[in-house]
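The primary structure of each chain is shown beneath.
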Amino acid sequence: MQRNILFSILFSAMLGLLSIYPAFVSADGIPEFNGVWVINEELSDDTDKQVEKAIKDSGGKVGRTKKKGKGRYKGGPPEQAMYDHISYDEILHFQYQEPEFRLTYAEGFERIFHSDNRRRSASARGSSRSERKDFAFASWSSTNKLFVESRPRDGGRTSEVYTLIKSDSGKDLLQVELNLNPLMFSGPLYIKRVYNREGEFVPSKRRR
């Protein structure tokens, strides 16, 4: 009798642990985030328009630029390179192996940061040791949501939320919500970018 009672208690405890087990392992690998992601322009904000909206919302006026068409506000000084890459580049290589993140963009621009309590760090490939570097730190909120806080080299800051969502057809999408605050910019800049896994969708080109 006592043996049966003890077995029932142990069995109930095991069921309880199994029910919360995903909460403990949710950040162990997260293979769904890993891979090459290609921008879905139909689901993403137009970065140029969001820049202009931020200027107007802060009371400024949109000036003329020598560039025309897509990417007309891309190409600031080197210390603002991170803003350009995360808000304009069409391909994102996402690699995570606990606790390290390695995000690679166009032109070999690379960010490396971690989700543990080590020194917050990130790097831009090709920068010299004497050059001030970007840095960042990350934390998992659940199995499908990642928060990243960054301090770019210009002295500004960013808040980034990476979320795995599903398309209407059931395919994985990577949604990235950016809250950018360049030091010399007049106000915060909000941009939503949505990516498809490489090879799963060919985005149509927006008319500008």
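The text that follows walks through the structure, step by step, so that each part is easy to find.

What counts and how
Residues numbered from 1 in each chain as written. Predicted model: local features only at pLDDT ≥ 70, side-chain atom pairs only at ≥ 80, totals over all residues. Heavy atoms only, no water. Helix = DSSP H or I, 4+ residues; strand = E, 2+ residues; numbered from the N terminus. Buried < 20%, exposed > 50% of the residue type's maximum accessible area, 1.4 Å probe, protein only. Areas by Shrake-Rupley, 256 points an atom, 1.4 Å probe, with all protein chains shown as cover. Core = buried A, V, L, I, M, F, W, Y, C linked by side-chain atoms within 4.5 Å. Contact = heavy atoms within 4.5 Å. Phe/Tyr/Trp six-rings, centres within 6.5 Å; stacked < 30°, edge-to-face > 60°. Pairing = 2+ DSSP bridges. Polar contact = N/O pair within 3.5 Å; in protein donor to acceptor, adjacent residues only side chain to side chain. Salt bridge = Lys/Arg side-chain N within 4 Å of Asp/Glu carboxyl O.

Helix and strand counts for the chain stand at 3 helices and 9 strands. Counting over 208 residues, the chain shows a buried share of 40%. Accessible surface for the chain amounts to roughly 12800 Å². Of this, 53% is attributable to carbon and sulfur atoms.

The next subject is the nonpolar core. Counting residues in each nonpolar core, the largest one holds 34 residues, and the members touching the most others are Phe94, Phe101, Tyr162 and Leu174. Broken down by element, this core gets its largest block of residues, 5 residues, from helix H3 (residues 81-88). In contact with Phe94, not counting residues within four places along its chain, are Phe33, Asn34, Gly35, Trp37, Phe101, Arg102, Leu103, Leu146 and Tyr162.

Tallied over the entire structure, the rule returns 9 aromatic pairs. Between Phe94 and Phe101, the aromatic rings sit 6.2 Å apart at their centres with planes inclined by 90°, giving edge-to-face as the arrangement. By relative accessible area, which is 3% here, Phe94 ends up buried. Counting every residue linked through ring pairs, the aromatic cluster contains Phe33, Phe94, Tyr96, Phe101, Phe113, Trp140 and Tyr162.

Turning our attention to the pairing of strand E4 (residues 110-114). Burial analysis of E4 places 5 of its 5 residues in the buried class, the great majority of the element. Of the two faces of E4, the one lined by Glu110, Ile112 and His114 and the one lined by Arg111 and Phe113 are each fully buried. Where strand E3 (residues 100-104) meets E4, 5 bridges bridge the pair, whose relative direction is antiparallel. Following the sheet pairing, Glu100 is matched in E4 by His114.

Only one face of strand E2 (residues 91-97) is buried, namely the one carrying Leu92, Phe94 and Tyr96, since none of Ile91, His93, Gln95 and Gln97 on the opposite face is buried. Where strand E1 (residues 35-39) lies against E2, 4 bridges are found, and the strand directions are antiparallel. Opposite Trp37, over in E2, you have Leu92 as the bridge partner. Pairing geometry for E2 and E3, over 5 bridges, is antiparallel. Looking across to E3, one finds that His93 is bridged to Thr104. Count of turn residues in the E2/E3 antiparallel hairpin: 2 residues.

Along helix H2 (residues 47-57), the positions that sit buried rather than exposed are Thr47, Asp48, Gln50, Val51, Glu52, Ala54 and Ile55. Where H2 is buried, its residues touch H3 and strand E9 (189-197). The opening residue of H2, the one whose side-chain oxygen lies 3.0 Å from the backbone nitrogen of Asp48, is Asp46. At the exit of H2 stands Gly59, carrying a positive phi of roughly 90°.

Bringing the pattern of salt bridges into the picture now. Two side chains carrying opposite charge are able to pair once their charged atoms lie near each other. The final tally for this structure, using the stated rule, is 11 salt bridges. Residue Lys70 is joined to Glu90 by a salt bridge in which the shortest nitrogen-to-oxygen separation is 2.4 Å. Placement of the pair is Lys70 in the loop between H2 and H3 and Glu90 in the loop between H3 and E2, with a sequence separation of 20 residues. A relative accessible area of 31% places Glu90 in the partly exposed class. The salt bridge partner of Asp134 is Arg153, with a shortest N-O separation of 3.3 Å. With Asp134 in the loop between E4 and strand E5 (135-142) and Arg153 in the loop between strand E6 (145-151) and strand E7 (157-166), this residue pair connects regions lying 19 residues apart in the sequence. Per residue, the accessibility class of Asp134 equals that of Arg153, and both read buried. Counted as one network, the salt bridges with shared partners bring together Glu41, Lys70 and Glu90.

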